[in-house]
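# Residue-level structural notes
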Amino acid sequence: KAGVTQTPRYLIKTRGQQVTLSCSPISGHRSVSWYQQTPGQGLQFLFEYFSETQRNKGNFPGRFSGRQFSNSRSEMNVSTLELGDSALYLCASRIGQVYAEAFFGQGTRLTVV
Amino acid sequence: AQRVTQPEKLLSVFKGAPVELKCNYSYSGSPELFWYVQYSRQRLQLLLRHISRESIKGFTADLNKGETSFHLKKPFAQEEDSAMYYCGTSYGKLTFGQGTILTVHP
């Protein structure tokens with residue numbers, strides 16, 4: 001079956017702009033989580049959506065937001081981009097929330113200039 | 001709140017040597033613990049989870065509730081084990097440590 005798909009794969013944006021990233025989970029998976037991966041901070045949890053509701057949130061500013069649609073696809077939005085937002089953004093899907101294996105996408109590489 | 005700590009950012013060993021990647025967690029309930037691995041240019045993927053108690057690619061990890069640890073071990077490292085390893089815990093949200101880059105030298 002198809003894996004987790006993230007689009008676009010690469011993005012270059014200017015400071016102050018906003019960006020939307022997309023994640024299509026594995027069919028049947030209702031949980032989608034977003035992570036920011038950087039060399040210095042590792043893998044930091046942004047938020048998790050389950051059945052269109054945000055269930056958990058990490059320690060990121062309000063500029064980072066997301067949503068999930070009825071087909072479980074999820075989008076993440078970052079407004080007023082800063083240079084420090086440059087990172088690989090990973091999406092993971094799980095069939096459920098508890099004790100379920102996460103399947104990761106290949107990520108979107110965001111560069112803010 | 002659940003928290004995972006991986007004290008080593010970098011770990012280097014020679015091929016054939018034993019390797020241990022450390023992971024400590026803090027969680028008041030019964031955690032579900034995982035190890036995920038990211039090989040070069042590949043997706044992050046599950047390596048093993050503590051409830052399955054299995055050995056994957058020669059790696060094992062034992063949950064030590066007294067020390068709140070879930071260290072990953074392999075008796076004889078191989079060059080293909082070179083990768084980024086993340087320890088994670090899941091109850092609700094899946095949270096990871098900062099990761100350890102393992103390099104196995106020939």
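See the structure printed just above.
My aim in this report is to walk through the structure given alongside it, one point at a time.

### Details of the environment of A:P61
Take A:P61: it is sitting in the loop between strand 6 (53–57) and strand 7 (64–68). Each C-alpha atom, one on A:P61 and one on A:V78, is 9.7 Å from the other, the two residues being 17 residues apart in sequence.

### Topic: the sheet that holds strand 7 (residues 60–61) of chain B
All names here are of chain B. Read across the sheet, three strands follow the order 3-8-7 without closing on themselves; strand pairing throughout is antiparallel. This sheet does not close on itself; its edge strands, each paired only once, are strand 3 (19–21) and strand 7. Strand direction decides the pairing type here: strand 7 and strand 8 (residues 72–74), joined by two bridges, are antiparallel. Each bridged residue has a counterpart across the sheet, and for T60 the counterpart in strand 8 is K73.

### A short note on the pattern of salt bridges
Taken as a whole, this structure holds nine salt bridges over all chains when the rule is applied. Salt-bridge contacts for A:E82 lead to A:R63; the nearest nitrogen and oxygen are separated by 3.6 Å. Of this pair, A:E82 sits in the loop between strand 8 (74–78) and strand 9 (87–94) while A:R63 sits in the loop between strand 6 and strand 7, placing them 19 residues apart in sequence. For A:R63, a relative accessible area of 16% translates into the label buried. Across the salt bridge formed by B:K22 and B:E20, the nearest N and O atoms sit 3.0 Å from each other. Several salt bridges share partner residues, and in doing so they unite A:R63, A:E82 and A:D85 into one network.

### Notes on the sheet that holds strand 1 (residues 5–7) of chain A
All names here are of chain A. Spatial strand order, 1-3-8-7: four strands in an open sheet with antiparallel pairing. Here the strands that pair on one side only, and so sit at the sheet edges, are strand 1 and strand 7. Direction aside, neighbouring strands of the sheet carry axes that sit 20 degrees apart on average. Sheet topology note: the strand 1/strand 3 (residues 19–24) ladder contains three bridges and is antiparallel.

### Focus on the pairing of strand 10 (residues 93–96) of chain B
Judged from the four bridges that link them, strand 9 (residues 83–91) of chain B and strand 10 of chain B form a sheet pairing that is antiparallel. The partner of B:G88 across the bridge, within strand 10 of chain B, is B:F96.

### Thoughts on the interface of chain A and chain B
By a widely used convention, the size of an interface equals the accessible area lost when the partners come together. Each partner contributes to the interface: chain A provides 23 residues, whereas chain B provides 19 residues. Of the roughly 1800 Å² buried between chain A and chain B on both sides combined, carbon and sulfur atoms contribute 49%. Viewed at the interface, chain B and chain A are joined by zero salt bridges. On inspection of chain A and its partner chain B, the count reaches eight residue pairs in polar contact (both at pLDDT 80 or more). Looking at the side of chain A that touches chain B, the elements with two or more residues in it are strand 4 (31–38), strand 5 (42–50) and strand 6 of chain A. With four residues, the top contributor of residues to the side of chain A that touches chain B is strand 5 of chain A.

Calculation criteria
- Residues numbered from 1 in each chain as written.
- Chains lettered and ligands numbered in written order.
- Predicted model: local features only at pLDDT ≥ 70, side-chain atom pairs only at ≥ 80, totals over all residues.
- Heavy atoms only, no water.
- Helix = DSSP H or I, 4+ residues; strand = E, 2+ residues; numbered from the N terminus.
- Pairing = 2+ DSSP bridges.
- Salt bridge = Lys/Arg side-chain N within 4 Å of Asp/Glu carboxyl O.
- Buried < 20%, exposed > 50% of the residue type's maximum accessible area, 1.4 Å probe, protein only.
- Axes fitted to C-alpha atoms, helices over the stretch in contact; angles between N-to-C directions.
- Contact = heavy atoms within 4.5 Å.
- Buried area = accessible area lost by both parts, 1.4 Å probe.
- Polar contact = N/O pair within 3.5 Å; in protein donor to acceptor, adjacent residues only side chain to side chain.

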